[in-house]
Amino acid sequence: MELALDWLRNPEKEKIHADISLPELAILLGEIDIPERGEHIENVFQECREKILDNSVRINNPRYIGHMTTGVPWFSVVVDILITSMNQNQVKIETALASSFVEKQTMAWMHRLAYNKPAAFYKSVIHDETIALGNTTSGGTIGNLTALAVAREKAIPGIRKLGFLKSLQQSEYSDVVVLASQRVHYSIEKAVGLLGLGEDNIVKIPVDRCNKIKIDCLRERIIQLKQDNVLIMAMIGIAGTTETGNIDPLEELAEIAREENIWFHVDAAWGGAFLLSDDIRNVLKGIEFSDSIALDGHKLLYLPMAHGSVIFRDPHALDLLRHSTNYILRKGSVDLGATSLEGSRRFNALKLWFSVKMLGKKGYDILLKKSLQLTWCLKELIDKHDDFESTSEPELCIITYRFVPAAMQIELEKAKKDGNFDICHKINNRLNEINIDLQKKQREYGKSFVSRTTLESTGYKQEIVVLRAVLTNLLTETSFLAEILDEQRIIGMEIINT
Ligand SMILES: *Cc1c(COP(=O)(O)O)cnc(C)c1O
């Protein structure tokens with residue numbers, strides 16, 4: 001407990017990324033023998049602190065604004081202890097009595113947030129043992145996989161039993177694909193690979209300058225695919241891309257999906273939490289027309305690892321995955337394992353249940369607005385600063401930008417105006433190197449952390465390395481943002497001058 005409290009209370013005591021190299025870590029934790037005898041708990045704690053805690057990432061440091069994982073509210077630590085103490089197994093009612101009902105309740109809440117069917121509907125289905133509105137998962141990856149597994153069975157009935165080869169031989173199709181934008185999360189690739197379509201069968205549609213799928217390109221591709229007799233198994237809308245936080249035009253995608261009779265899945269692992277804010281949820285308009293939605297609790301719902309969910313508009317959709325066995329998951333039982341891809345599962349639903357009770361929609365609204373406020377604050381600082389360039393328009397708490405010292409900005413502008421793309425290209429290549437170096441150095445120094453990625457959508461005709469800030473750490477204060485930029489400017493200038 002002391003170790004945990006120390007970690008929680010002093011997020012700024014140590015460097016964000018401990019001063020240890022990966023090879024050193026490999027040696028430190030490289031012992032291959034399982035200990036013959038147990039040790040006194042004090043010794044184990046001591047070893048735990050020295051080897052593990054002291055060499056971990058201080059995710060909760062308020063200047064850690066690099067990834068989607070962040071510090072969690074204090075009560076989640078208590079909830080986690082509770083979950084572990086109870087050690088329920090959600091797979092079947094015989095190991096999870098009330099906890100099965102909690103999980104079903106949270107699924108109904110999520111479903112209602114997204115699809116908003118009449119109250120009478122939820123009252124009648126919430127604890128109906130024949131209906132699963134969704135699954136609680138270990139994260140967005142399993143959520144996406146589950147949704148696409150259902151979409152596959154829907155598009156190619158019987159494939160679950162028959163397998164891909166026979167199903168396709170019996171059909172008139174030449175191939176099967178999934179449509180998504182270039183910003184699609186790699187978990188969709190995993191899912192499509194596992195489901196037998198082949199990872200290359202995600203047809204990636206280009207995005208515009210705002211990192212949203214280009215609707216006309218999408219329409220063209222659909223016409224082409226239909227001509228080639230290719231089955232479109234599903235279309236993905238991204239509600240908060242991992243790299244830039246932008247949202248695909250969900251209403252338009254839903255309309256196309258309806259016209260073409262394609263399964264429409266929304267990957268809202270990042271942005272789904274905004275459904276909880278009455279003021280902001282409008283940015284997700286169109287999500288209510290989707291067939292399925294994946295959302296992550298351990299991102300913007302501020303739950304600790306691991307929590308995700310997948311929900312389906314049609315309350316019978318998950319029947320397509322339903323399994324039964326004789327010793328558990330008997331027909332007509334409340335066993336949640338009947339529709340989940342995962343088998344034995346932790347009572348993670350309690351995290352969501354507890355957090356919603358503690359914070360309410362109002363509380364979440366405040367947290368999400370604070371994150372957005374931080375994002376706009378950083379955007380303003382970048383726009384005002386002579387040595388930085390913003391590279392995407394922030395929507396949901398993620399902003400990308402890069403260090404471009406004023407002198408190079410002038411050169412770049414001139415080259416652009418003169419239509420001299422060679423010069424542009426050279427300057428950008430140099431800037432790519434500088435920004436990679438800068439990001440690495442900032443991580444090494446350990447005072448603050450932003451991540452980086454590469455975008456092809458910045459308006460330059462080449463890939464641009466960008467810094468990526470994810471502003472969800474509730475301990476971050478606006479004044480820290482200027483400090484972080486300042487550190488980046490100093491590091492950037494050092495790189496240029498050496
Ligand atoms: C994080 C993320 C995922 C994957 O979720 P995990 O919880 O890491 O499995 C999928 N899609 C998007 C858009 C994400 O941001």
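Residues numbered from 1 in each chain as written. Predicted model: local features only at pLDDT ≥ 70, side-chain atom pairs only at ≥ 80, totals over all residues. Heavy atoms only, no water.

**Some details on the side chain of aspartate 296**
Within the secondary structure layout, aspartate 296 lies in strand S6 (residues 292-296). The class of aspartate 296 is buried, set by a relative accessible area of 4%. Side-chain polar atoms of aspartate 296 contact the side chain of lysine 299, separated by 3.3 Å. Among residues more than four places away in sequence, those in contact with aspartate 296 are Gly139, Gly140, Ala268, Ala269, Leu301, His307 and Gly308. (Helix = DSSP H or I, 4+ residues; strand = E, 2+ residues; numbered from the N terminus. Buried < 20%, exposed > 50% of the residue type's maximum accessible area, 1.4 Å probe, protein only. Polar contact = N/O pair within 3.5 Å; in protein donor to acceptor, adjacent residues only side chain to side chain. Contact = heavy atoms within 4.5 Å.)

**Concerning the domain arrangement of the chain**
Often, the extent of an interface is quoted as the loss of accessible area upon association of its parts. The assigned domain composition of the chain is domain 1 (1-17 + 57-73 + 364-498) and domain 2 (89-345). Relative placement of domain 1 and domain 2: their C-alpha centres are 32 Å apart. Counting from both sides, the interface comprises 31 residues of domain 1 and, opposite them, 34 residues of domain 2. Roughly 2,600 Å² of surface becomes buried between domain 1 and domain 2 when both sides are summed, with 62% attributable to carbon and sulfur atoms. Of all residues in domain 1, Met68, Leu368 and Leu396 give up the largest surface area on contact with domain 2, accounting jointly for 27% of the area buried on that side. The tally of links between domain 1 and domain 2 comes to 3 salt bridges. Of the charged contacts, one joins glutamate 395 and lysine 212 as a salt bridge, the two residues approaching to 3.0 Å between their closest N and O atoms. For the interface between domain 1 and domain 2, the tally reads 18 residue pairs in polar contact (both at pLDDT 80 or more). Of all the secondary-structure elements, those providing two or more residues to the side of domain 1 that touches domain 2 are helix H13 (349-384), strand S9 (398-403), strand S10 (451-455) and strand S11 (464-470). (Domains from an automatic or database assignment. Buried area = accessible area lost by both parts, 1.4 Å probe. Salt bridge = Lys/Arg side-chain N within 4 Å of Asp/Glu carboxyl O.)

**Describing the site of the ligand**
Lining the immediate surroundings of the ligand are 15 residues, of which Thr141, Asp267, Asp296, His298 and Lys299 lie closest. In the model, an oxygen atom of the ligand is placed 3.0 Å from a nitrogen or oxygen of the threonine 242 side chain. Protein burial of the ligand: of its 380 Å² of free accessible surface, 87% is covered by the chains. Element by element, the count of residues in the shell around the ligand is highest for helix H7 (residues 140-155), at 3 residues. Here the residues of the shell around the ligand are counted per class, giving 3 nonpolar, 9 polar and 3 charged. (Near = heavy atom within 4 Å. Areas by Shrake-Rupley, 256 points an atom, 1.4 Å probe, with all protein chains shown as cover. Nonpolar A, V, L, I, M, F, W, Y, C, P; charged D, E, K, R; others polar.)

**Brief notes about the nonpolar core**
Soluble globular proteins tend to pack their nonpolar side chains together in the buried interior. Membership of the largest hydrophobic core comes to 59 residues, with the highest contact counts inside it found for Leu179, Leu218, Met235, Phe274 and Ile293. If one sorts the elements of this core by residue count, helix H5 (residues 97-115) sits on top with 6 residues. Split by domain, the residues of this core number at least three in each of domain 1 (1-17 + 57-73 + 364-498) and domain 2 (89-345). With residues near it in sequence (within four places) discarded, isoleucine 293 still touches Ala114, Tyr115, His265, Val266, Ala268, Ile287, Ser309, Val310 and Ile311. (Core = buried A, V, L, I, M, F, W, Y, C linked by side-chain atoms within 4.5 Å.)

**Some details on the sheet that holds S11**
Spatially, 4 strands are ordered S8-S9-S11-S10 in an open sheet, and the strand pairing comes out antiparallel. The open sheet is flanked by strand S8 (388-390) and S10, the only strands paired with a single partner. Neighbour-to-neighbour, the strand axes of the sheet open up by a mean angle of 40°, direction not taken into account. Here S9 pairs with S11 via 4 bridges, running antiparallel. Each bridged residue has a counterpart across the sheet, and for threonine 400 the counterpart in S11 is arginine 468. Sitting on the sheet, helix H16 (residues 478-496) touches S8, S9 and S11, and the angle it makes with S9 is about 30°. (Pairing = 2+ DSSP bridges. Axes fitted to C-alpha atoms, helices over the stretch in contact; angles between N-to-C directions.)

**Remarks on the pattern of salt bridges**
All told, the structure shown has 29 salt bridges when counted by the stated rule. A salt bridge links glutamate 47 to lysine 51; the shortest N-O distance between them is 2.9 Å. Of this pair, glutamate 47 and lysine 51 both sit in helix H3 (residues 41-52), separated by 4 residues, roughly a single helical turn. Overall, the relative accessible area of 36% leaves glutamate 47 in the partly exposed class.

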